[in-house]
Amino acid sequence: QVQFVETGGGRVQSGESLRLSCAASGADFSIYTMGWYRQAPGKRREWVARITSVGTTTYAGSVKGRFTISRDSAKNTVDLQMNSLKPVDTAIYYCNVESPDGSGPIDNYWGQGTQVTVFS
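The text that follows walks through the structure, step by step, so that each part is easy to find.

So, how was this worked out
Residues numbered from 1 in each chain as written. Predicted model: local features only at pLDDT ≥ 70, side-chain atom pairs only at ≥ 80, totals over all residues. Heavy atoms only, no water. Salt bridge = Lys/Arg side-chain N within 4 Å of Asp/Glu carboxyl O. Helix = DSSP H or I, 4+ residues; strand = E, 2+ residues; numbered from the N terminus. Buried < 20%, exposed > 50% of the residue type's maximum accessible area, 1.4 Å probe, protein only. Disulfide = S-S within 2.5 Å. Phe/Tyr/Trp six-rings, centres within 6.5 Å; stacked < 30°, edge-to-face > 60°. Lys NZ or Arg CZ within 6 Å of the ring centre and 35° of its normal. Polar contact = N/O pair within 3.5 Å; in protein donor to acceptor, adjacent residues only side chain to side chain. Contact = heavy atoms within 4.5 Å.

### Digging into the pattern of salt bridges
For the structure on display, the rule yields five salt bridges. Salt-bridge contacts for glutamate 98 lead to arginine 50; the nearest nitrogen and oxygen are separated by 2.8 Å. Of this pair, glutamate 98 sits in the loop between β9 (91-97) and β10 (114-119) while arginine 50 sits in strand β5 (residues 46-51); the two residues are 48 residues apart in sequence, bridging distant segments of the chain. When its relative accessible area of 26% is taken as the criterion, arginine 50 is described as partly exposed. Here arginine 66 ties to aspartate 89 by a salt bridge, and the two come within 2.8 Å at their closest N and O atoms. Here aspartate 89 lies in the loop between β8 (77-82) and β9 and arginine 66 lies in the loop between β6 (57-59) and β7 (67-72), a separation of 23 residues in the sequence.

Below, the structure is given as C-alpha cells:
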C-alpha cells in the first residue's frame, strides 16, 4: 500500500525557515518524478516544486529562489527546504508522485500533509 507521510511543519515568523520531509512507502519511487504541493485555506491545492528521478528540479514562480526540493532515493524520501518564509506560504503541504503519463499527481496517494503557518 502506497503511503506518503509528511513531517516538519510548524508555526514560524516571516523570514524564518522550515524543512519539510516526506517519507514514501509501499513502492520504489526512485524512478519517478516527485512533487510538493500545498493548499491554503479556501484555495485549491497548487503545485510547489518537483524533482525528477535524475534530480532535475522545477519550481512555481512564487517560491523560486526561496524553496529547494531534494530527494534521497535510497531512503525513499523527498525534502523541501523553505527559506525566507512569508505569510502567503501558510498552507498544508503535501508530497506525491507524478503519474508517468504526465497527468499530474495521483489522487489516491494524498497523505495527511503537514501544516505550515507563517505569521508576520
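Past the structure itself, the notes keep going.
### Overview of the state of the cysteines
Counted under the stated rule, the structure contains one disulfide. A sulfur-sulfur separation of 1.8 Å characterises the disulfide bridge that pairs cysteine 22 with cysteine 95. An S-S torsion of about 45 degrees defines the bridge between cysteine 22 and cysteine 95 as right-handed. Residue cysteine 22 is located in strand β3 (residues 18-25), and its partner cysteine 95 is located in strand β9; the two are separated by 73 residues in the primary sequence. In this structure cysteine 22 comes out as buried when scored by relative accessible area, which is 1%. Overall, cysteine 95 belongs to the buried group, its relative accessible area being 0%.

### Some details on the packing of aromatic side chains
Overall, the coordinates contain five aromatic pairs when judged by the stated rule. With a centroid separation of 6.2 Å and 65 degrees between ring planes, the pair formed by phenylalanine 4 and tyrosine 109 is classed as edge-to-face. With phenylalanine 4 in strand β1 (residues 3-7) and tyrosine 109 in the loop between β9 and β10, the pair connects residues that are 105 residues apart, well separated along the chain. In this structure tyrosine 109 comes out as partly exposed when scored by relative accessible area, which is 25%. Taking 5.2 Å as the distance between ring centres and 90 degrees as the angle between the ring planes, the aromatic pair formed by tyrosine 37 and tryptophan 110 counts as edge-to-face. One end of the pair, tyrosine 37, is in strand β4 (residues 34-39); the other, tryptophan 110, is in the loop between β9 and β10, and 73 residues separate them in sequence. Connected via pairs of aromatic rings, a cluster forms that spans Phe4, Phe29, Tyr32 and Tyr109. It is arginine 11 that lies over the ring of phenylalanine 119; its NZ or CZ is 4.3 Å from the centre. A cation sits over an aromatic face here: arginine 45 above tryptophan 110, 3.6 Å from the ring centre.

### Some words on the side chain of serine 99
Within the secondary structure, serine 99 sits in the loop between β9 and β10. At a separation of 2.6 Å, a polar atom in the side chain of serine 99 contacts the side chain of aspartate 101.

### Overview of the environment of isoleucine 92
Here isoleucine 92 shows up in strand β9. Sequence separation between isoleucine 92 and arginine 45 is 47 residues; the distance between their C-alpha atoms is 9.0 Å. Leave out the neighbours within four places in its chain, and isoleucine 92 touches Tyr37, Arg38, Gln39, Gln112, Gly113, Thr114 and Gln115.

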